[in-house]
Structures are given as structure tokens and as C-alpha cells.
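The chain contents come next:
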Amino acid sequence: MERLEKLLAKKEFGKNNGIFLPLVLPVLLVVIWKSGCDANLINTSLLPSPDHVITALVTMLGDGSLKKHIIMSTTRVFEGYAVGVILGLLLGILAGLFKPVYQLLSSLIGMFRPIPAIAMIPFLILWFGIDETPKIIVIAIGSFWPVLLNTIQGIKSADTKLLELARVLEKNQLVVLIRIILPAALPSIFTGMRLGISHAWACVVAAEMIASAVGVGFLISYARELLQPDVLFVGVASIGLIGWAIDIVMLRLQKWVLYWHVSEETTK
Amino acid sequence: MGLDIKHIYKKFPMAQNSLSVLEDVDLTVKDGEFVSIIGASGCGKSTLLKIIIGLDKATAGAIVLDGHRIDKPSHNDVGIIFQESRLLPWGTVESNIAFGISDKLTAAERKKIVADHIEMVGLKGFEKVLPSQLSGGMQQRVSIARALINRPRVLLLDEPFGALDAFTKINMQNELLNIWQTEKKTMLIVTHDIDEAIYLGDKVVVMSDKPGRIKDVIPIDLPRPRERTDADFDYYRKKVYEKFFKQVKRPIEYQI
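Note that the coordinates shown come from a computational prediction; the quantities given were computed from them, not determined experimentally.

K.L.:
Is there a simple way to explain the pairing of strand β6 (residues 78–81) of chain B in this structure?
P.N.:
Residues and elements named next belong to chain B. Residues of β6 alternate between two faces, with Val 78 and Ile 80 on one and Gly 79 and Ile 81 on the opposite face, all of them buried. Where β6 and strand β7 (residues 154–158) come together, four bridges link them in parallel fashion. If you follow Ile 81 over to β7, its bridge partner there is Leu 157.

Here it is, written out as C-alpha cells:
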């Protein structure tokens, strides 16, 4: 017990467990999974063993098929996300600054926000066919809402004491917007953008599962049809890993842009 | 010449009637004079400063500076230091002070004037530091530099050292007096600290509350630099104290 306490008190342990602890559960999970397969406790035609999955992964990396699907999906995500973020920011800033704009939009926001973007896919296919347009629009809708709502929230959160200071210093409206209101809104905007990109990623998979011939969503629904659980597994795992990677990049970006902002998430 | 606060009334409309915050506040501050206004919280002293700087409108009365009326903020006339430093959290010391500049200046002029003011408040070496990395006293120095950078003729101070610890407070008061003596500005400080009011002011304006009225104006006839531990200082302390609290009459037998 005393030794354990000493070990915990040691700085070196504290330094390493940032990398070490997050790895414990995944490794444990793979070990259980592998031994379950070996002991015939897991039906490998439903859940293939880890080595089968790795073989499938190597094949898919070798023939370039995984790369093709991933590049297609990420391209769609970034196109749709860009549209969603730009619209969300513009409308959010306007609605945050001008009460009439907010009041004008409020009923539409209230009505359309609860509809999952994915539920719009049938309509969009009906209107735009099954090419790229409906997919981009679904992703744009998915990322638009969190950006819009958090931008409005952020703009409204500007400190009235700083606004009063700006009046004393006779700053014009543009200076107030750029130097006070927008920087104050940035933390909230970033929260919206992080939520937005994760929605966008979920939307692309759904859209591709419904109507597509390439992309990660297509990959998994096709693998299910062909009864290839190992390929299915690679597809699902890459969705998770890419989503995770995107969030890490967003957090880094946030820490860099919001250099002054000390929050629990950015100090991680 | 100087700052004339002419019969200011301020009423806030309420549901039924109206709440009178300031009633007939009439005061003349001479050029270069340091005036302390002291009163309990809620006596409308902050409202008075807001009216002087043009952030708020008086119900009746006028603010006249060197013969012209003030009814909106004007950076060359009046500057203000708030109790909170009100710094932009995303700006460095340098950019926060530069944010105070309201006149159009060239880049070189801006740089020089910012550097001068950083030096004046003793923050040399901290130019690139963010407010969150500064102590409360240093943050308030930044806000003093920012208020002075437009060279306003009158500087208003709204309980500027109220949130600082006792030692930092005394240091800041001395530095403020240095700035006052070198810059020859008219200063008007609002405070609820009796020592601070006497230490800084050429006169102490005592305000009553609900509604805020000038109860008394006490000229402080002490040479500068003043000594807080002097008997003369104590005389004024007692005089101001008596305006707020009734003297407790102790029966003679308890006094030894």
C-alpha cells in the first residue's frame, strides 16, 4: 500500500499516465475479444477475430479501396461543413446583434431544429437526385444548427461592462464588433463548430448508407449486404478513428485561437 | 473654469412612482483639484459619475466643463477608471492600453504614447502579458494608463482600489497622487473608504443616501505628502466618521 502511494506520488508516473491510462481499456478489450474468439465463445461469422480484421485492413490499404472511401467521405464532410459553418456564422452574428432578426428567425429555428438532418435525406433525394448535392446539403444542415445556436449565444454573451467602456472611449460600432463582441463570442462559436463537425461526420455516413456508390457509409452498408463482417468492422472502426482525429485537430485549433481562454477542455 | 456639477437630479421610473437617486447635487471642482466623494453604497455616487461622463442622463441639471455642457462621452474631456479594470481578456497589456486611444494617430505616434504610458504606470517589461497573468493591482494600472492616454482634462475614479488588498491599495494611492501632481489633472474619486477620501482629496464631499444628497463638504487642510498616522489626519477621520455614525455616549464610570 505504501509502495503504491509512493508510486502515485512520483512525478514520472503522473507524467506517463496521460498516455498510459487511455490505452488500458482498448488493449483489455482486444485481449478479451481475441481470447473469446479463440475459445469459440464468439461467433466469428458475426464478429470476426482481431487478426481477420487486421488482414482485411491490410488488404483494403493495399488495394487502395479504404483510402478511396475515406477521401470521398472527408471531401463531402468538408464541403458540407464549410457551407454550414459560413451560413451558421453569418446568420448567427446577425441574429445575435439584431433582435428583430432573431425574432424573425425564432419560430423557424424552433420548428426546424428538432428535425434530425438525416430525416431530410428522402426529401433531398426527391428534389436533387442521388448525386453529390443532397449529401452536401444534409451535412451542411447537420453542421449549421450547432454553429448557428452557439454563435447567437456567444454574441449575446458579450460583457456589458466592456461595451460601456467602448462607449466611454467613443469607439464606433465596427470596432466594438471586431474588438469586443466577436472575440467574446469565439469560445462559444468554437463549441458550436466542434459539435458541427461531429454532426457533419455522422451525417455523411448516414447519407452514404442511403444513396451512394463510394464512401465509408457505402462501404459498411455494402459489406453488410455481402456478409463481410471483417470489412464492416474496418469501416465502422475508421468512422470512429477519423471522428476522433477531427476532434483532436479541432481542440488543438481551439487552444491556438483562444490563447487567452482558460477552460477545462482546453487545459486538458 | 473647471467642472461644474449643476443641481443634478436623477429619478428612475418605477412601476407606481419614481425612485429618486440624486437630489440637487451641486458641486464645483476647480481645475487641477482632487475631490473625494464619500458615501454608503447605494447613495448614487456611481450614478453621478455616469452622468458626469455622459453615459447616463440627468433628470434635471447640467454638467458643465470649462463653459460647455457635457451630455455624451467625449474622450478628451473626461476619462474614467472603474472598480473592475475592464480589460479585454484577449489583449496584451500593450494592446489594452492602445485600445484607450480614441484620436487618429500614426503608428509611430501610437507606439510612442503607449510606451510612455506603460512606463508611467510602472509596467515596463509586461507589454506582451495577458490580463489573466497580472495581479489585481497591475490590472488596475493598465486601466489607469488606458484612461490617461487620451489626456482627458478630468479623470473620474469609481472606487478604483475597492477590490485591492490594503497594502496594494496604499501603493496605488501614492502612485495616483504622483500622476495627479505631474499631469495636473482634475480628479474626482468616489469611494466608501474614509482614509482614502481624506488621504487623496483636497476636499471630501460627504453624501447621504436615499436619495443621494450632498450632506457636507469638508476641506482637507493638510500639507502633502500626508501622513495617515498624524493627529491632524485623525481629526479629519473623526470629522468624516461623525457624519455617518452617531457617537456612542459611554457612561462615565466605564471610562478609566
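K.L.:
Even after reading the chapter, I still don't get unusual backbone geometry, so can you show me in this structure?
P.N.:
Most of the time, phi is negative for any residue but glycine, and the peptide bond is trans. Residue and element names in this part refer to chain B. With an omega of -10°, the peptide bond running from Lys 210 to Pro 211 counts as cis. Relative to the elements of secondary structure, Pro 211 occurs in the loop between β9 (203–208) and β10 (213–219). Omega for the peptide link from Arg 224 to Pro 225 comes to -5°, which places this bond in the cis form. The topology assignment puts Pro 225 in the loop between β10 and α7 (231–244). One non-glycine residue, Lys 184, adopts positive backbone phi at about 55°. Structurally, the position occupied by Lys 184 is in the loop between α5 (166–183) and β8 (186–191).

K.L.:
Is there a simple way to explain the packing of aromatic side chains in this structure?
P.N.:
Aromatic ring pairs are described here by two measures, namely the spacing of the ring centres and the angle between the planes. All names here are of chain B. Inspection of every chain in the model, using the stated rule, returns ten aromatic pairs over all chains. Geometrically, the ring pair formed by Phe 34 and Trp 180 is edge-to-face, given 5.4 Å between the ring centres and 70° between the ring planes. Of this pair, Phe 34 sits in strand β3 (residues 34–38) while Trp 180 is found in helix α5, placing the two residues 146 residues apart along the sequence. Assessed through its relative accessible area of 9%, Trp 180 is described here as buried. Its guanidinium or amino end placed over the ring of Phe 244, Lys 215 lies 5.6 Å from that ring's centre, counting from NZ or CZ.

K.L.:
Any chance you could explain the confidence of the model for chain B here in plain terms?
P.N.:
Residues shown with low pLDDT carry predicted positions that ought not to be read at fine detail. Chain-level statistics for chain B give a pLDDT mean of 90 and a share of 96% at 70 or above. Scoring the predicted complex yields pTM 0.83 and, for the interface, ipTM 0.87.

K.L.:
Explain the sheet that holds β6 of chain B here, please?
P.N.:
Sheets are built from strands paired through backbone hydrogen bonds, the pairs being either parallel or antiparallel. Residue and element names in this part refer to chain B. If you walk across this open sheet you meet the six strands as β6-β7-β8-β3-β9-β10, and the pairing is mixed. Whereas interior strands pair on both sides, the edge strands pair on one side only; in this sheet they are β6 and β10. With strand direction ignored, the average angle separating the axes of adjacent strands in the sheet is 20°. As paired elements, β3 and β9 share four bridges and run parallel to each other. Considered in β9, the bridge of Ile 37 is made with Val 205.

K.L.:
How should I be thinking about the interface of chain A and chain B in this particular structure?
P.N.:
Facing the 16 residues of chain A at the interface are 23 residues of chain B. Summing both partners gives a buried area of about 2000 Å² for chain A against chain B, and 62% of it is carried by carbon and sulfur. At the surface where chain A touches chain B, the tally comes to three salt bridges. Its salt-bridge partner being Glu 164 of chain A, residue Arg 86 of chain B comes within 2.7 Å of it at the nearest N-O pair. For the side of chain A that touches chain B, the secondary structure elements donating two or more residues are α8 (160–168) and α9 (173–210) of chain A. Among the elements that line the side of chain A that touches chain B, the one with the most residues is α8 of chain A, at six residues. Its residues assigned to classes, the side of chain A that touches chain B shows ten nonpolar, no polar and six charged.

Definitions and cut-offs
Residues numbered from 1 in each chain as written. Chains lettered and ligands numbered in written order. Predicted model: local features only at pLDDT ≥ 70, side-chain atom pairs only at ≥ 80, totals over all residues. Heavy atoms only, no water. Buried < 20%, exposed > 50% of the residue type's maximum accessible area, 1.4 Å probe, protein only. Helix = DSSP H or I, 4+ residues; strand = E, 2+ residues; numbered from the N terminus. Pairing = 2+ DSSP bridges. Phe/Tyr/Trp six-rings, centres within 6.5 Å; stacked < 30°, edge-to-face > 60°. Lys NZ or Arg CZ within 6 Å of the ring centre and 35° of its normal. pLDDT = per-residue confidence, 0-100. Axes fitted to C-alpha atoms, helices over the stretch in contact; angles between N-to-C directions. Contact = heavy atoms within 4.5 Å. Buried area = accessible area lost by both parts, 1.4 Å probe. Salt bridge = Lys/Arg side-chain N within 4 Å of Asp/Glu carboxyl O. Nonpolar A, V, L, I, M, F, W, Y, C, P; charged D, E, K, R; others polar.

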